Amino acid sequence: MPKSKYTGYELNQSPFYCLNSKAKLVKLLHVNRSKLKLLTHTEDLYLEWERRDSKSKKTRLVEEPKRILKCVQKRIEELLKRIKLPNYVHAPAKGRSYISNAKAHVNAVVVRSLDIEKYFPSTPARHVYCFFHKRMKCSPDVAGILTKLSTFKDHLPTGSPSSAILSYFSHIDMWEAINEIVERANCTLTVYMDDVTISGDCVPDNLIWQVKQQFHRYGLHSNRNKEKHYIGKKSYEVTGVVITDGELKSPNRQHYKMHEVRKKIHLETEPEKRIKLMRSLRGLKAQMQQVREANNLAVET
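Conventions used here
- Residues numbered from 1 in each chain as written.
- Predicted model: local features only at pLDDT ≥ 70, side-chain atom pairs only at ≥ 80, totals over all residues.
- Heavy atoms only, no water.
- Disulfide = S-S within 2.5 Å.
- Helix = DSSP H or I, 4+ residues; strand = E, 2+ residues; numbered from the N terminus.
- Buried < 20%, exposed > 50% of the residue type's maximum accessible area, 1.4 Å probe, protein only.
- Polar contact = N/O pair within 3.5 Å; in protein donor to acceptor, adjacent residues only side chain to side chain.
- Contact = heavy atoms within 4.5 Å.
- Phe/Tyr/Trp six-rings, centres within 6.5 Å; stacked < 30°, edge-to-face > 60°.
- Pairing = 2+ DSSP bridges.
- Axes fitted to C-alpha atoms, helices over the stretch in contact; angles between N-to-C directions.

S.K.: Describe in detail the state of the cysteines, supporting the description with residues and values.
M.R.: Evaluation of the coordinates by the stated rule reveals zero disulfides. Cys202 takes part in no disulfide bond, and the closest cysteine sulfur to it belongs to Cys187, at a distance of 7.0 Å.

S.K.: Lay out the side chain of Ser170 with the relevant residues and their values.
M.R.: By the element assignment, Ser170 lies in the loop between helix H7 (163-169) and helix H8 (172-184). Among the residues examined, Ser170 registers a relative accessible area of 9% and is labelled buried. A polar contact is formed between the side chain of Ser170 and the backbone oxygen of Leu166, at a distance of 2.6 Å. With residues near it in sequence (within four places) discarded, Ser170 still touches Thr123, His127, Val128 and Phe131.

S.K.: Tell me what's going on with the packing of aromatic side chains, and back it up with residues and numbers.
M.R.: Under the defined criterion, the tally for this structure stands at eight aromatic pairs. Taking the centre distance of 5.1 Å and the plane angle of 55° together, the rings of Phe131 and Phe132 count as tilted. Accessibility expressed as a relative area gives 2% for Phe131, which makes it buried. Between Tyr230 and Tyr236, the ring centres sit 5.8 Å apart and the planes meet at 40°, which makes this aromatic pair tilted. The two residues Tyr230 and Tyr236 agree in class, both being buried. Each member of the aromatic cluster is reached from another via a ring pair, and the members are Phe16, Phe131, Phe132, Tyr168 and Phe169.

S.K.: Hey, could you go over helix H5 (residues 125-135) for me, with residue numbers and the actual values?
M.R.: Within H5, burial applies to Ala125, His127, Val128, Phe131 and Phe132. Looking at the residues trailing H5, positive phi occurs at Lys137, about 60°.

S.K.: Describe the sheet that holds strand S10 (residues 247-249), with residues and values.
M.R.: Strand order in the open sheet made by the three strands is S8-S9-S10, with antiparallel pairing throughout. Both outer strands of the open sheet, strand S8 (235-238) and S10, are each paired with one neighbouring strand and no more. Along the sheet, successive strands turn relative to each other by an average axial angle of 30°, direction set aside. Inspection of the sheet shows S8 paired to strand S9 (residues 241-244) by four bridges, in the antiparallel sense. When the sheet's bridge partners are listed, Glu237 is paired in S9 with Val242.

Take a look at the structure:
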């Protein structure tokens, strides 16, 4: 795994590494044997519901674990996030964000981005098992239990707290291969969950084709409708951040959203709804401040 400037320990220092005892696994996950048996033998542990995307107007299925399982998944996530990740991974990773992901592509001549379609549902349980058994060198029974705890209907569930970090580790061989391909082309790679961005003085079609071939090899597919390609642009957008003349800026839609929330606050008479709107406005302001801070500019108050 490439060196990272961010804190964390190496993969072989993880408490999951070479774990071959159920008794140790129980202690590590902060559960008892009876609870672990319940979680691995009960089928009715998820709530399934549709979430509507406000932008695309499309709905997506959310597979949300019940609290008893979610607590264990959060523990798995917590332990896996302590592992040092390579610099090109910006989510899920501690100390990194959509802003650091965008900043990696400042002053690029060519920027191309790809989106992996249905990333979690396309990550099968066997890939999760392979990570725990082959990479982590867990015993087959321990790897099987961790896979059972982390997957639903033979894939990573969309509403689980551990799915994000496991989506990376379950495809770690693919990401390492893609990074090697991009580095050979003297380009910059960033990975923000299912959003892949490649930039450089030249990002040829053949390079993108090789990346897509890696996706295909691991059962993943790029959503062609979400691909972006900028050449010699003074202004371009990466993971929701606009880059203009080497400076990070919040997109106009962010300013418009703040304007609309302010109007609603002015008209709202119910205290509870007004408080909710105020909270939303503070969140939008905080996001804009983070973008400004990334440019080392003074933050507006």
